[in-house]
Amino acid sequence: IIKNALIRPPKPTEKTISGRMVELSVDRKRQFVIDTPEGKYTCRYPLELEEFVIRRIKQLVSVSGSIGTAARIINIESEMAFKPLKSLPLTHIRFDEDIRKLRYPIELEVEFENDEYILYNNEFNLLVTSGNLKDGVERINDELKLLWLDYVEEETGNLTEGGIVFRNKLRSLLDEGI
């Protein structure tokens, strides 16, 4: 019985990723690569989704599907599992080793120009450039940490009226201060 349990492959789990479709293969493999804040994922799709997938090349998308034994491969089954995105939602912030969930996502606008990503959010005055989304989101996180230190950790007496308003906006991202 123990031997059979060790041989049995793990059951596929569901995962949703968001990122930019950067590569597409329409041969027998029928797969595409998405550059995400976690790194690159390969997504496999059925023949009936081919035209739908082709229309999304170089665009921001959200993909849901099952992950089997290979951790970076997602199998999508239907058009509903593959959605275009207008922006990339940032849902967590890292303070050193502490990862905190945001009360509401920060919507990052993403542009791609001259082989570089431009990620920005006007509400929080965030702007970075990067060669991939993983590095770009890490840089956005660093910008948010600096803003937190400059506004939330600062004495309110040292802030202007506008600085206090911005401080409160930053604090609203989390349930309480760090």
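See the structure above.
Model, not experiment: these values are computed from the prediction.

(A) Just the overall build of the protein, in detail. A tally of helices and strands in the protein yields 4 helices and 10 strands. Start at the N end of the protein and walk to the C end: the helices and strands fall as α-β-β-β-α-β-β-β-β-β-β-β-α-α. A compact globule built from 178 residues should have a C-alpha radius of gyration of about 16 Å, whereas the protein, at 20 Å, is more than 25% larger. Projecting the C-alpha coordinates of the protein onto the three principal axes gives extents of approximately 65 × 50 × 25 Å. Out of the 178 residues in the protein, the part that is buried amounts to 39%. Just so you have it, the protein exposes about 11,200 Å², and 49% of that area is on carbon and sulfur atoms. Distance between charge centres in the protein, computed from 26 positive and 31 negative side chains, equals 9 Å.

(B) Broad picture of the packing of aromatic side chains. Scanning the entire structure with this criterion turns up 7 aromatic pairs. Ring plane angle 70 degrees and centroid distance 5.4 Å describe the contact between F52 and F82, whose orientation is recorded as edge-to-face. With F52 in helix α2 (residues 50-54) and F82 in strand β6 (residues 82-84), the pair connects residues that are 30 residues apart, well separated along the chain. With a relative accessible area of 9%, F52 lands in the buried category. Judged by its relative accessible area of 1%, F82 is buried.

(C) Molecular detail of a nonpolar patch on the surface. The grouping of L24, V26, I54 and I57 at the surface amounts to a nonpolar patch, some 270 Å² of accessible area in total. Considering the arrangement of structural elements, one finds L24 in strand β1 (residues 13-25).

(D) Highlighting the sheet that holds strand β7 (residues 88-95). In spatial order, the strands read β7-β8-β9-β10; together these 4 strands make up an open sheet with antiparallel pairing. The open sheet has two edge strands, β7 and β10 (126-130), and neither has a second partner. Across the sheet, the mean angle from the axis of one strand to that of its neighbour is 35 degrees, orientation sign disregarded. The sheet contact formed by strand β9 (residues 116-121) and β10 spans 5 bridges and is antiparallel. Looking at β10, one finds that Y120 is bridged to L127. Taken strand by strand, helix α3 (residues 133-152) contacts β7, β8 (98-113), β9 and β10, and its axis lies near 150 degrees from that of β10.

(E) A look at the nonpolar core. The biggest cluster of nonpolar side chains holds 25 residues, and the ones touching the most others in it are I106, L119, I140, L144 and L170. Broken down by element, this core gets its largest block of residues, 7 residues, from α3. Not counting residues up to four positions away in its chain, the partners in contact with L144 are L90, I93, I106, L126 and L170. Within the second largest apolar cluster, 17 residues are counted, among which are I17, F32, I34 and F82.

Procedures and definitions
- Residues numbered from 1 in each chain as written.
- Predicted model: local features only at pLDDT ≥ 70, side-chain atom pairs only at ≥ 80, totals over all residues.
- Heavy atoms only, no water.
- Helix = DSSP H or I, 4+ residues; strand = E, 2+ residues; numbered from the N terminus.
- Rg over C-alpha atoms; globule rule 2.2 N^0.38 Å.
- Buried < 20%, exposed > 50% of the residue type's maximum accessible area, 1.4 Å probe, protein only.
- Areas by Shrake-Rupley, 256 points an atom, 1.4 Å probe, with all protein chains shown as cover.
- Lys, Arg positive; Asp, Glu negative; His and termini not counted.
- Charge placed at Lys NZ, Arg CZ, Asp CG, Glu CD.
- Phe/Tyr/Trp six-rings, centres within 6.5 Å; stacked < 30°, edge-to-face > 60°.
- Patch = residues over 30% accessible without salt bridge, like charges linked within 9 Å, V, L, I, M, F, W, Y side chains within 5 Å.
- Salt bridge = Lys/Arg side-chain N within 4 Å of Asp/Glu carboxyl O.
- Pairing = 2+ DSSP bridges.
- Axes fitted to C-alpha atoms, helices over the stretch in contact; angles between N-to-C directions.
- Contact = heavy atoms within 4.5 Å.
- Core = buried A, V, L, I, M, F, W, Y, C linked by side-chain atoms within 4.5 Å.

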